[in-house]
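Residue-level structural notes
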Amino acid sequence: MENEPHNRRPRTSVTEPNIDRADALICENRCITIKELGAMLSISVGSVEDIVKYHLHYRKVNARRVPHTLTDMNKMVRMQAASRLLQQFEDEGDAFFKSMVTTDETWVHYFTAESQQSSREWRHTSSPKPKRAWRNRSAGKVMAKFFCDWQGVIHVDFLTDARQSMQLITQTSWQQT
């Protein structure tokens with residue numbers, strides 16, 4: 001099998017030296033862009049894309065977001081707490097789980113829908129139909145906190161705006177310490 005004769009220029013950008021140099025540049029800076037690679041290698045963006053995608057088999061991925069990174073002290077404190085809980089479980093057995101209460105929170109979106117029945121009006125037959133604007137699906141939101149034990153949900157608390165802002169202030173000041 002051979003290429004048919006053509007009068008196009010042979011490919012000179014996708015070469016082993018350029019592939020090796022692109023690999024080295026990517027290893028130096030994982031956030032480098034295709035345009036920056038093209039400028040550094042003095043080749044076209046299309047050739048850089050070809051090298052990165054088909055020769056080096058790289059793809060761009062997003063970093064996973066985490067709330068915060070832990071210091072060594074934070075990790076040590078968490079490890080000690082986990083060790084204490086594990087020891088307590090070993091001492092008490094299944095009774096340990098019956099003494100646990102966990103909590104979770106979520107935002108609950110709500111809206112007050114007007115029923116079709118309540119929106120009816122008496123009109124004369126020649127009168128135009130009344131117009132009602134569509135409401136947003138979420139007219140508001142409230143934070144719901146769930147408290148559960150081994151049998152299920154034991155308490156649900158809905159935080160109002162004033163309590164939410166106080167909780168956010170408390171959480172922010174706690175995280176800064």
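All values reported here derive from a predicted model rather than from experimental measurement.

Of all residues in the protein, 71% have pLDDT values of 70 or greater, and the mean over the chain is 80. Throughout residues 172–177 the model reports pLDDT below 50, and contacts reaching past four residues in sequence, or to other chains, amount to zero contacts.

With their axes 10 Å apart at the nearest point, helix α1 (residues 16–28) and helix α3 (residues 45–55) run at an angle of 80° to one another. For the element pair α1 / α3, the angle class is roughly perpendicular. Contacts from Asn18, Ile19, Ala22 and Ile26 of α1 reach α3 at Ile51, Val52 and His55. Along the lines of polarity and charge, the residues of the contact of α1 with α3 split into five nonpolar, two polar and no charged.

Strands belonging to one sheet form pairs held by backbone hydrogen bonds; the direction of such a pair is parallel or antiparallel. Sheet architecture is open: three strands sit in the order β1-β2-β3, paired in antiparallel fashion. What marks the edges here is a single partner per strand, and that holds for β1 (102–110) and β3 (152–159). Taking the axes of each pair of neighbouring strands and ignoring which way they run, one obtains an average angle of 25° across the sheet. Taken together, the nine bridges between β1 and strand β2 (residues 140–149) define a ladder with antiparallel strand orientation. Each residue of the ladder has a partner; that of threonine 103, found in β2, is phenylalanine 147.

What follows is about the packing of α1 against helix α2 (residues 34–41). Following both chains from N to C, one finds α1 and α2 inclined at 130°, their axes separated by 11 Å at the closest point. If you check the angle between α1 and α2, you find them oblique. When the axes of α1 and α2 are compared, the crossing they make is right-handed. Residues Asn18, Arg21, Ala22, Leu25 and Ile26 of α1 pack against Leu37, Met40 and Leu41 of α2. Partitioning the contact of α1 with α2 into residue classes produces six nonpolar, one polar and one charged.

Buried within α2 are the following residues: Leu37, Gly38 and Leu41. Each buried residue of α2 sits inside an arc of 100° when the element is viewed along its axis, so together they form one side. Opposite the buried face of α2, at more than 90 degrees from it, the exposed residues are Lys35 and Ala39. Turning to α2, the residues buried within the fold contact α1 and α3. Looking one or two residues past α2, serine 42 carries a phi angle of roughly 60°, positive in sign.

Calculation criteria
Residues numbered from 1 in each chain as written. Predicted model: local features only at pLDDT ≥ 70, side-chain atom pairs only at ≥ 80, totals over all residues. Heavy atoms only, no water. pLDDT = per-residue confidence, 0-100. Contact = heavy atoms within 4.5 Å. Axes fitted to C-alpha atoms, helices over the stretch in contact; angles between N-to-C directions. Helix = DSSP H or I, 4+ residues; strand = E, 2+ residues; numbered from the N terminus. Parallel < 35°, antiparallel > 145°, perpendicular 65-115°, else oblique. Nonpolar A, V, L, I, M, F, W, Y, C, P; charged D, E, K, R; others polar. Pairing = 2+ DSSP bridges. Left-handed = near helix turned anticlockwise from the far one by under 90°. Buried < 20%, exposed > 50% of the residue type's maximum accessible area, 1.4 Å probe, protein only. Arc of directions from axis to C-beta.

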